[in-house]
Amino acid sequence: MTDCIFCKIVRKEIPALVVYEDNLFLAFLDIHPRGTGHTQIIPKQHYRWVWDVPEIGPYFEVVRKIALAQKEAFGAELIRSQVFGEDVAHAHVWVWPNTEKNMADLKDNVEKIRAAL
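Model, not experiment: these values are computed from the prediction. (Residues numbered from 1 in each chain as written. Predicted model: local features only at pLDDT ≥ 70, side-chain atom pairs only at ≥ 80, totals over all residues. Heavy atoms only, no water.)

Thoughts on the overall build of the protein
Scanning the protein from terminus to terminus reveals three helices and five strands. Expressed as lengths along the three principal axes of its C-alpha atoms, the size of the protein is roughly 35 × 30 × 25 Å. Expressed as a percentage of the 117 residues in the protein, the buried residues total 44%. Of the contacts formed within the protein by residues at least 6 apart in sequence, a portion of 58% connects residues at least 24 apart. As presented, the protein carries roughly 6,600 Å² of accessible surface, and 52% of it is formed by carbon and sulfur atoms. Across the protein, the 14 positively charged side chains and the 16 negatively charged ones have centroids separated by 1 Å. (Helix = DSSP H or I, 4+ residues; strand = E, 2+ residues; numbered from the N terminus. Buried < 20%, exposed > 50% of the residue type's maximum accessible area, 1.4 Å probe, protein only. Contact = heavy atoms within 4.5 Å. Areas by Shrake-Rupley, 256 points an atom, 1.4 Å probe, with all protein chains shown as cover. Lys, Arg positive; Asp, Glu negative; His and termini not counted. Charge placed at Lys NZ, Arg CZ, Asp CG, Glu CD.)

Here it is, written out as structure tokens:
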């Protein structure tokens, strides 16, 4: 889909603070975070809903990998998640640590998560 904002991020037409990337999936910090390190995990191919993604097992393995990295990076016991998808018409899963909201340095948050991966 050419006008999808997440597809544009995948194609590097829009900048994003990328936490993780492989052949199928991309994870980046949310621009309207619910908490420190709030990350969007998306398939690189456009699917409308998470449940449409044929590689659902590998998708959730990436989600788990990011969540565990956040747990380590931010010293959080609880990682919140959300599969909703009405705000952007591209499959996505949110994960963010249950810590006090501190967005002082988003690039530092990216580095903390990457280091924990």
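There is more to say after this.
Some points on the pairing of strand β2 (residues 25–29)
The element β2 is largely enclosed, with a buried count of five among its five residues. Side chains Phe25, Ala27 and Leu29 of β2 all project onto a buried face; the interleaved residues Leu26 and Phe28 project onto the opposite face, where all are buried too. Where strand β1 (residues 18–21) lies against β2, three bridges are found, and the strand directions are antiparallel. Note that in β2 the partner of tyrosine 20 across the bridge is alanine 27. Between β1 and β2, which pair antiparallel and follow one another directly, the connecting turn spans three residues. (Pairing = 2+ DSSP bridges.)

Concerning the packing of aromatic side chains
In the structure shown here, the tally under the stated rule is five aromatic pairs. Arranged with centres 5.1 Å apart and planes meeting at 5°, the rings of phenylalanine 25 and tyrosine 59 form a pair that is stacked. Pair noted here: phenylalanine 25 is in strand β2 and tyrosine 59 is in helix α2 (residues 56–74), with a separation of 34 residues, a long-range link. Each member of the pair, phenylalanine 25 together with tyrosine 59, is buried. The interplanar angle of 5° and the centroid separation of 6.2 Å between the aromatic rings of tryptophan 51 and phenylalanine 60 together place this pair among those described as stacked. The class of tryptophan 51 is exposed, set by a relative accessible area of 62%. Look at phenylalanine 60 and you get partly exposed, because its relative accessible area is 30%. Joined through ring pairs, the aromatic side chains of Phe25, Trp51, Tyr59 and Phe60 make up one cluster. Positioned over the ring face of tryptophan 49 is arginine 48, at 3.6 Å from the centre of the ring. (Phe/Tyr/Trp six-rings, centres within 6.5 Å; stacked < 30°, edge-to-face > 60°. Lys NZ or Arg CZ within 6 Å of the ring centre and 35° of its normal.)

Focus on the environment of valine 110
Relative to the elements of secondary structure, valine 110 occurs in helix α3 (residues 106–116). Exposure remark for valine 110: the relative accessible area of 2% places this residue in the buried category. When neighbours within four sequence positions are excluded, valine 110 is seen to be in contact with Leu17, Val18, Val19 and Leu29.

Observations concerning the nonpolar core
One finds Val19, Ile41, Tyr59, Ile66 and Val95 to be the most contacted residues of the largest nonpolar core, which totals 24 residues. Listed by contribution, the elements that provide at least two residues to this core are β1, β2, α2, β5 (93–97) and α3. Contacts of valine 19, omitting those with residues within four sequence positions, involve Ala27, Phe28, Leu29, Thr39, Ile66, Val110, Ile113, Arg114 and Leu117. Of all hydrophobic cores here, the second largest spans 10 residues; its members include Phe6, Val18, Leu26 and Phe28. (Core = buried A, V, L, I, M, F, W, Y, C linked by side-chain atoms within 4.5 Å.)

The values reported here are purely geometric and, on their own, carry no functional implication.
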